[in-house]
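# A structural walkthrough
Here is how the chains run, residue by residue.
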Amino acid sequence: MPHPREDALLADIEGRRDELVALTQDLIRFPTINPPGDAYQPCAEYLGQRLSKRGFKVEYMRAEGSPGDSDAYPRVNVIARWEGGRPGPCVHFNSHIDVVSVGEGWTVDPFGGVVKDGKVYGRGACDMKGGLAASVIAVEALIDSGAELPGALEISGTADEESGGYGGVAYLAERGWFSKPRVDHVIIPEPLNVDRVCIGHRGVWWSEITTEGHIAHGSMPFLGDNAVRHMGAVIDELERRIFPTLSAHQTTMPVVPEGARTPTLNINSIHGGQPDVTGSGLPAPVVPDSCRIVLDRRLLIEEDLDQVKAQMRAVLDGLVQTRPNFRYKMRDLFEVRPSMTEPDRPVVRLTCEAVEQVLGRPADICCSPGTYDQKHIDRIGKLRDCIAYGPGILDLAHQPDEYVGIDDMVNSAKVMALSAYALLTGKA
Ligand SMILES: [Zn+2]
């Protein structure tokens, strides 16, 4: 049986539908494109001013010295905190304010905040200004409900998630903003669909492999040593010895889509030989003396990154033994460990219950194939009580004519409010 106060809260959020749409439109109209990191400051200030009028203590943190930060493109983050009447836990809603570039194929103004057929359109509507707006409405309604709330509610708008989060959540986490005792539960309204609670993500290892050869005239390749042929041997080994082994690993992580429940490997790029500087399509007639590939290996929670690296190195060292003149270099470019919150943690359990209460069907618990800012909250903030839950449809993120459904936003705001209420009042 829902509590009468919960019923009133849900009805109140329903009544804020137009306000939620208007807030989403306003947020979309800041063209916070990353890179380069445009309009972060006005967008953060807009959010800060709104929340400060409602009794939040608002702080701005510029991530000085982080990648891309400059006076022209300051990495501005906003954190707003509302204190309840007595001590208690803190529930934090974190959204990134940056969006990816617009790209081709739009039929509406990507920064117009167009409303059509029950949807708000725009770059970032789904990923994730709709989710940010829903969390703001949820928290404001909860505060206005007059419920006697202990603890604290926080809302942050952070920079640079689309480029790794170093000027955003990572920067703040390093300074204690995402750790106990300041924060107890974090909900990230990323677009994972209104009925899904995302408890974590797979890990990532990007590495660069370079093969080396010896330059010579293309008419006399026997005088040189072809680095592209050496790389061909590397790719052949990947096909024979790495790719077939990937499907042998299955994970307990509920990753969606299901194809991502094994490790995956993408050969991201390959470059070899001299660049075609004239643009004629006729490169210099030489034997390529170097070739480079970039690999994108995604990891399951059950895997050990050091072992994954060692397996790759063993394959390459095998070629050193068997292939004449084979030399290589392997360099780490980027790595993120997998992260997964235990499904029985209160933030997971109570958000799932709230989904069922609002939508009348059970929530799906899932993990994301790619990473998001949870990695920093887990690794740097040492906080495991983190989920992603938001209204957008994942497949629409980064697409032309990106949109967020208004019903989904209203429903997700209801879920967020119920979940925060339960987390604060110890229904856990
Ligand atoms: Zn996102």
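For the structure itself, look to the data block above.
The sections below set out a description of the structure shown in this document. Keep in mind the model is a prediction, meaning the values are calculated, not measured. (Residues numbered from 1 in each chain as written. Predicted model: local features only at pLDDT ≥ 70, side-chain atom pairs only at ≥ 80, totals over all residues. Heavy atoms only, no water.)

## Concerning the pairing of strand β6 (residues 150-158)
Burial runs high along β6: nine of the nine residues are buried. Pairing geometry for strand β3 (residues 86-96) and β6, over eight bridges, is parallel. The residue of β6 that forms the bridge with cysteine 90 is alanine 152. (Buried < 20%, exposed > 50% of the residue type's maximum accessible area, 1.4 Å probe, protein only. Helix = DSSP H or I, 4+ residues; strand = E, 2+ residues; numbered from the N terminus. Pairing = 2+ DSSP bridges.)

## A closer look at the pairing of strand β7 (residues 185-188)
Judged by which residues are buried, β7 turns out to be covered on both faces: His185 and Ile187 on one side and Val186 and Ile188 on the other are all buried. Bridge analysis of β3 against β7 gives three bridges, and the strand direction is parallel. In the sheet register, histidine 92 faces β7, and the bridge partner there is valine 186. Inspection of the sheet shows β7 paired to strand β15 (residues 386-388) by three bridges, in the parallel sense. Residue pairing across strands places isoleucine 187 opposite isoleucine 387, the latter belonging to β15.

## Structural notes on the coordination of the zinc ion
In this structure, His96 (NE2), Asp127 (OD), Glu190 (OE) and Glu190 (OE) serve as the protein donors to the zinc ion, at separations of 1.9 to 2.7 Å. Every donor counted, the four donor atoms about the zinc ion form angles of 53 to 144 degrees at the centre, which fits irregular coordination. Read in sequence order, the donor residues for the zinc ion give the motif H-x30-D-x62-E. Of this pair, histidine 96 sits in strand β3 while aspartate 127 sits in helix α4 (residues 125-144), and the two are 31 residues apart along the sequence. As far as the burial class goes, histidine 96 and aspartate 127 line up, both buried. (Donors = N, O, S within 2.8 Å, 3.2 Å for Na, K, Ca; no water. Tetrahedral: all angles 85-135°; square planar, octahedral: opposite > 155°, others 65-115°.)

## Things to note about the nonpolar core
In this structure, Phe93, Leu149, Leu153, Val197, Ile387 and Tyr389 are the most contacted members of the largest nonpolar core, which totals 73 residues. Here the element with the most residues in this core is helix α10 (residues 406-425); it accounts for 13 residues. Non-local contacts of isoleucine 387, meaning those with residues more than four positions away in its chain, are made with Val186, Ile187, Ile188, Val197, Cys198, Ile199, Val347, Val348, Thr351 and Gln374. (Core = buried A, V, L, I, M, F, W, Y, C linked by side-chain atoms within 4.5 Å. Contact = heavy atoms within 4.5 Å.)

## Observations concerning helix α2 (residues 17-28)
With 12 residues, α2 should cover 16 Å at 1.5 Å per step; its first-to-last C-alpha distance of 17 Å lies within 8% of that length. Buried residues belonging to α2 abut α3 (40-53), β4 (115-116), β5 (119-121), α4, β16 (403-405) and α10. (Expected span 1.5 Å × (residues − 1).)

## Remarks on the environment of arginine 229
In this fold, arginine 229 is placed in helix α6 (residues 227-246). The exposure class assigned to arginine 229 is exposed, which follows from its relative accessible area of 62%. Separated by 62 residues in the primary sequence, arginine 229 and cysteine 291 place their C-alpha atoms 8.9 Å from one another.

## Some points on the sheet that holds strand β9 (residues 203-212)
On the basis of which strands lie adjacent, the open sheet formed by four strands has the order β10-β11-β9-β12 and antiparallel pairing. Whereas interior strands pair on both sides, the edge strands pair on one side only; in this sheet they are β10 (264-272) and β12 (328-336). For this sheet the average axis-to-axis angle between neighbouring strands, irrespective of direction, equals 15 degrees. Sheet topology note: the β10/strand β11 (residues 290-299) ladder contains eight bridges and is antiparallel. Each residue of the ladder has a partner; that of serine 269, found in β11, is valine 294. (Axes fitted to C-alpha atoms, helices over the stretch in contact; angles between N-to-C directions.)

## Comments concerning the sheet that holds β16
A sheet is described by the order of its strands in space; here three strands give the open sequence β4-β5-β16, paired in antiparallel fashion. With partners counted over all chains shown, the strands left at the sheet margins are β4 and β16, one partner each. Alignment of β4 against β5, held across two bridges, turns out to be antiparallel. Note on β5: the bridge partner recorded for lysine 116 is lysine 119. Packed on one face of the sheet, α10 meets β4, β5 and β16 and runs near 60 degrees to β16.

## Overview of the side chain of glutamine 25
Here glutamine 25 is to be found in helix α2. Using a relative accessible area of 16% as the deciding quantity, one classes glutamine 25 as buried. Beyond its immediate sequence surroundings of up to four residues, glutamine 25 is in contact with Gly113, Val115 and Val120.

## Here's the deal with unusual backbone geometry
Between proline 35 and proline 36 the backbone carries a cis peptide bond, its omega angle lying at 10 degrees. Summarising the element assignment, proline 36 is placed in the loop between α2 and α3. Omega for the bond connecting aspartate 127 with methionine 128 falls within 30 degrees of zero, at 0 degrees, which places this linkage in the cis form. On the secondary structure map, methionine 128 appears in helix α4. Even without glycine at this site, aspartate 117 takes up a positive phi of about 50 degrees. Structurally, aspartate 117 can be placed in the loop between β4 and β5. Of note in this structure, aspartate 160 is not a glycine but carries a positive phi near 65 degrees. Counting through the fold element by element, aspartate 160 comes out in the loop between β6 and α5 (169-174). Accessibility expressed as a relative area gives 2% for aspartate 160, which makes it buried.

## Here's the deal with the environment of threonine 158
Looking at the secondary structure, you find threonine 158 in strand β6. Here threonine 158 falls in the buried class, since its relative accessible area comes to 0%. Between the C-alpha atoms of threonine 158 and serine 219, which are 61 residues apart in sequence, the distance is 56 Å. With residues up to four places along the chain from it excluded, the contact list for threonine 158 reads Asn77, Asn94, Ser95, His96, Ile97, Asp98, Gly168, Val169, Leu172 and Asp373.

Interpretation in functional terms is not warranted from these geometric data alone.
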